[in-house]
Amino acid sequence: MALERTLSIIKPDAVGKNVIGAIYNRFETAGFRIVAAKMMHLSTEQAEGFYAEHKERPFFRALVDFMTSGPIMVQVLEGEDAVKRHRDIMGATNPTDALAGTLRADYAVSIDENAVHGSDALESAAREIAYFFTEEELCARTR
Ligand code: GDP
Ligand code: MG
């Protein structure tokens, strides 16, 4: 296993539920280090660009409207096997399929408003991290 970085987003529904700290606690308990973080309220253009891979999907407009409906927390998590382990902690895209104890089982209400985002592969993680953060904004956590 290798030390990896992955992009995590706490979506507007979860920010609205005031569970940023609860979700950060899950990340830290799982052994991830948060190496960058910012709160943002995405513009339509930013949300469309981030989810460009889905632009032909029937849910694209609803997804962009949701992701721009309120502030989000965006963070870079670092840890062993981070991409897959973060996906495991998140749970399935549709919360009705998410295993008990996952973030989506606990905080999501529907597939449209499913609390969190996580990169699905190392290549998408690199692209998504660069979409929101400059190299200088990624803080090494060596102490
Ligand atoms: P993820 O990687 O688990 O977030 O899932 P995807 O990359 O497949 O989809 C991105 C986001 O689009 C999901 O997190 C959902 O919020 C939304 N989404 C995916 N599939 C559907 C769907 O069938 N219907 C709706 N309404 N939203 C969806
Ligand atoms: Mg995805």
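Each residue is numbered by its place in its chain's sequence as written, counting from 1. Lettering of chains starts at A and numbering of ligands starts at 1, both following the order in which they are written. Selection of residues for local features in this predicted model requires a pLDDT of at least 70, selection of side-chain atom pairs for listing and counting requires 80 or more, and totals for whole chains, interfaces and linings are taken over all residues. Where side-chain values are given, they derive from all heavy atoms of the structure, hydrogens and water being excluded.

- Under an unreviewed UniProt entry, the name given to the chain is Nucleoside diphosphate kinase, and the organism recorded is Pseudidiomarina andamanensis.
- UniProt positions are given in the numbering used here, feature names are shortened, and annotations may be inferred rather than shown by experiment. According to UniProt, the comment filed for the chain under the heading Subunit (unreviewed entry) is "Homotetramer."
- As stated in UniProt under Function (unreviewed entry), the record for the chain gives "Major role in the synthesis of nucleoside triphosphates other than ATP. The ATP gamma phosphate is transferred to the NDP beta phosphate via a ping-pong mechanism, using a phosphorylated active-site intermediate."

### Brief notes about the packing of aromatic side chains
Here is step 1 of the chain: Aromatic contacts are taken between Phe, Tyr and Trp rings whose centres are within 6.5 Å, Trp giving its six-membered ring; a plane angle under 30 degrees counts as stacked, one over 60 as edge-to-face, and the others as tilted. As enumerated under the stated definition, the model contains five aromatic pairs in all.
Here is step 2 of the chain: Ring centres of F50 and F132 lie 5.2 Å apart, and the angle between their planes is 40°; this geometry places the pair in the tilted category. Taken together, the residues F50 in helix 3 (residues 44–50) and F132 in helix 7 (residues 122–132) connect sequence positions 82 residues apart.
Here is step 3 of the chain: With a relative accessible area of 3%, F50 lands in the buried category.
Here is step 4 of the chain: Partly exposed describes any residue whose relative accessible area lies between the buried limit of under 20% and the exposed limit of over 50%, with all areas from a 1.4 Å probe on protein chains only and scaled to the type maximum. Looking at F132, the relative accessible area reads 6%, which means it is buried.
Here is step 5 of the chain: Consider the rings of Y131 and F132, whose centres lie 5.1 Å apart with planes at 85°: the pair is edge-to-face.
Here is step 6 of the chain: Counting every residue linked through ring pairs, the aromatic cluster contains F50, Y51, Y131 and F132. The helix and strand labels rest on DSSP assignments: H or I over at least four residues marks a helix, E over at least two residues marks a strand, and numbering proceeds from the N terminus.

### Quick look at the nonpolar core
Here is step 1 of the chain: Residues enter a nonpolar core if they are buried and are Ala, Val, Leu, Ile, Met, Phe, Trp, Tyr or Cys, with the set joined through side-chain atoms within 4.5 Å. Counting residues in hydrophobic clusters, the biggest one holds 21 residues, and the most contacted among them are L7, I9, M67, V74, V76, F132 and F133.
Here is step 2 of the chain: Counting residues per element, the ones that place at least two in this core are strand 1 (3–10), strand 2 (33–40), helix 3, helix 4 (60–67), strand 3 (72–80) and helix 7.
Here is step 3 of the chain: For this core, the element with the most residues is helix 4, which contributes five residues.
Here is step 4 of the chain: The contact criterion used is simple: two residues touch if any of their non-hydrogen atoms lie within 4.5 Å. Filtering out sequence-adjacent residues up to four positions away, F133 remains in contact with L7, A36, A37, K38, V74, Q75, V76 and L138.

### Regarding the UniProt feature "domain: Nucleoside diphosphate kinase-like" (unreviewed entry) in the chain
Here is step 1 of the chain: Within this numbering scheme, the UniProt entry marks residues 3–140 as carrying the feature "domain: Nucleoside diphosphate kinase-like" (unreviewed entry).
Here is step 2 of the chain: Secondary structure content for residues 3–140 is 40% helix and 20% strand, and the end C-alpha separation is 12 Å.

### Comments concerning the site of ligand 1
Here is step 1 of the chain: Near ligand 1 the following residues occur: K11, Y51, H54, F59, L63, R87, T93, R104, I111, D112 and N114.
Here is step 2 of the chain: Separating an oxygen atom of ligand 1 from a side-chain N or O atom of R87 is a distance of 2.8 Å.
Here is step 3 of the chain: Between N or O atoms, a polar contact is any pair within 3.5 Å; within protein, one atom must be a potential hydrogen donor and the other a potential acceptor, and residues adjacent in sequence are included only when both atoms are from side chains. Take D112: an N or O atom from its side chain is 2.8 Å from a nitrogen atom of ligand 1.
Here is step 4 of the chain: In terms of residue class, the shell around ligand 1 is built from four nonpolar, three polar and four charged. By convention in these notes, a residue is near a molecule or strand provided one of its non-hydrogen atoms lies within 4 Å of it. Under the scheme applied here, ten amino acids are nonpolar (Ala, Val, Leu, Ile, Met, Phe, Trp, Tyr, Cys and Pro), four are charged (Asp, Glu, Lys and Arg), and all others, including Gly, are polar.

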